[in-house]
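Here are the chains, one letter per residue:
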Amino acid sequence: MSLADKQEAEIVRIQRCQNHYEVLDVPRTADGEEIKAASRRILRLIHPDRNNHPEANEVTQRVNRAVEVLADKFQRLIYNITLDREPLQDETTESETEEPDVPPEAPPFEREWFFDAPRPQEAKNNHYVYVSLLIVVLAIVALVYLGTSRDPLYSLHRTEVHQVLKRTAKHGIEYFLKPEVTRRSSAVFRQIEKSIEEEFFLKLKDSCLEQMNNL
């Protein structure tokens, strides 16, 4: 197979992919190094600087986006949860959308129970609500886990890894972030700033009590 044929085949393959793992052709267990190695291999074939295919730019963007998500622990966690529930969205069948038949001879209490019971679509919508709540809970858990790791997401003082100066929206308290954290969502920032303000006022309270005890 010639180089041009390989380039064409790779673009066609990526266009047919359904998720980031398929785009990079890696398993869900792939680590950061495997993800980056796969992206380098693919980009050598599809990058617009090397490939004149009209879809090369769009496909390259898909590869870059896949790397951005899968190489970030937090984004990957949320993506995996979303990926696991995607098949549920196509489960509605024609029989689910039809009104159920109730035998006319059914006793009144049976008819009342039947019609008051949740319809399949309503139950499905409720399922999505529960899954969405689960995603939020897991996101907060992931944030707490990352924040309590060896290098927390933020610091009240500038350090070697915390160089980006920010201020909380509510009280204007200064804090410093790791550069990569600036790409987090607004929900993550709200949780970070809540933790910062709680920590700040707790330390302020302890400092006041210590000074009073020294009087």
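Rules used in this analysis
- Residues numbered from 1 in each chain as written.
- Predicted model: local features only at pLDDT ≥ 70, side-chain atom pairs only at ≥ 80, totals over all residues.
- Heavy atoms only, no water.
- Helix = DSSP H or I, 4+ residues; strand = E, 2+ residues; numbered from the N terminus.
- Polar contact = N/O pair within 3.5 Å; in protein donor to acceptor, adjacent residues only side chain to side chain.
- Contact = heavy atoms within 4.5 Å.
- pLDDT = per-residue confidence, 0-100.
- Phe/Tyr/Trp six-rings, centres within 6.5 Å; stacked < 30°, edge-to-face > 60°.
- Buried < 20%, exposed > 50% of the residue type's maximum accessible area, 1.4 Å probe, protein only.
- Axes fitted to C-alpha atoms, helices over the stretch in contact; angles between N-to-C directions.
- Parallel < 35°, antiparallel > 145°, perpendicular 65-115°, else oblique.
- Left-handed = near helix turned anticlockwise from the far one by under 90°.
- Nonpolar A, V, L, I, M, F, W, Y, C, P; charged D, E, K, R; others polar.
- Pairing = 2+ DSSP bridges.
- Core = buried A, V, L, I, M, F, W, Y, C linked by side-chain atoms within 4.5 Å.
- Patch = residues over 30% accessible without salt bridge, like charges linked within 9 Å, V, L, I, M, F, W, Y side chains within 5 Å.
- Areas by Shrake-Rupley, 256 points an atom, 1.4 Å probe, with all protein chains shown as cover.
- Salt bridge = Lys/Arg side-chain N within 4 Å of Asp/Glu carboxyl O.

### Observations concerning the side chain of serine 155
When you line up the elements, serine 155 lands in strand β1 (residues 154-155). Polar side-chain contacts of serine 155 include one of 2.7 Å to the backbone oxygen of histidine 157. Not counting residues up to four positions away in its chain, the partners in contact with serine 155 are His162, Tyr175 and Phe176.

### Here's the deal with the confidence of the model for the protein
Within the protein, residue pLDDT values average 76, and 68% of them lie at 70 or more. Predicted confidence is poor over residues 88-97, with pLDDT under 50, and the contacts of this stretch with residues over four places away or in other chains come to 12 contacts. Predicted confidence is poor over residues 109-115, with pLDDT under 50, and the contacts of this stretch with residues over four places away or in other chains come to nine contacts.

### Remarks on the packing of aromatic side chains
By the definition in use, this model includes two aromatic pairs. Ring centres of tyrosine 21 and tyrosine 79 lie 6.3 Å apart, and the angle between their planes is 45°; on these two criteria the pair is classed as tilted. Of this pair, tyrosine 21 sits in helix α2 (residues 20-24) while tyrosine 79 is found in helix α5 (residues 73-85), placing the two residues 58 residues apart along the sequence. Per residue, the accessibility class of tyrosine 21 equals that of tyrosine 79, and both read buried. A ring pair is formed by phenylalanine 200 and phenylalanine 201, whose centres lie 5.4 Å apart and whose planes are at 80°; its orientation type is edge-to-face. Accessibility expressed as a relative area gives 32% for phenylalanine 200, which makes it partly exposed.

### With respect to the packing of helix α1 (residues 3-15) against helix α4 (residues 56-70)
At their nearest, the axes of α1 and α4 sit 10 Å apart, and the two run at 60° to each other. Viewed along their axes, α1 and α4 adopt a mutual orientation that is oblique. With respect to the hand of their crossing, α1 and α4 are arranged in left-handed fashion. Residues Ile11, Ile14 and Gln15 of α1 touch α4, and the partners they reach there are Ala56, Val59, Arg62 and Val63. Of the residues contributing to the contact of α1 with α4, the split by class is five nonpolar, one polar and one charged.

### Side note on the packing of helix α3 (residues 32-46) against α4
Relative to each other, α3 and α4 sit at 175°, their axes nearing to 10 Å. Taken together, the axes of α3 and α4 are roughly antiparallel relative to one another. Taking contact as the criterion, the partners of Ile35, Ser39, Ile42, Leu43 and Ile46 in α3 are, on α4, Ala56, Val59, Thr60, Val63, Asn64, Val67 and Leu70. Residue composition of the contact of α3 with α4, grouped by class: nine nonpolar, three polar and no charged.

### Points about the sheet that holds β1
The sheet built from three strands is open, its strands ordered β1-β3-β2 with antiparallel pairing. Edge positions in the open sheet fall to β1 and β2 (164-167), since each of these has one partner strand only. Where β2 meets strand β3 (residues 174-177), four bridges bridge the pair, whose relative direction is antiparallel. Following the sheet pairing, valine 164 is matched in β3 by leucine 177. This element, helix α9 (residues 186-213), spans β1, β2 and β3 of the sheet and lies at about 130° to β3.

### Quick look at the nonpolar core
Counting residues in hydrophobic clusters, the biggest one holds 22 residues, and the most contacted among them are Ile14, Val23, Leu24, Ile46, Val63 and Leu70. Sorting elements by how many residues they give to this core places α4 first, with seven residues. Look past the residues within four positions of leucine 70 in its chain and what remains in contact with it is His20, Tyr21, Leu24, Ile35, Arg76 and Tyr79. Phe74, Tyr154, Ile173 and Leu177 belong to the second-largest nonpolar core, a separate cluster that totals 12 residues.

### Comments concerning a nonpolar patch on the surface
A contiguous nonpolar patch, built from Phe200, Phe201 and Leu204 and spanning about 250 Å² of accessible area, is present on the exposed surface. Its location among the elements puts phenylalanine 201 in helix α9. According to the relative accessible area criterion, phenylalanine 201 is partly exposed, its value standing at 36%.

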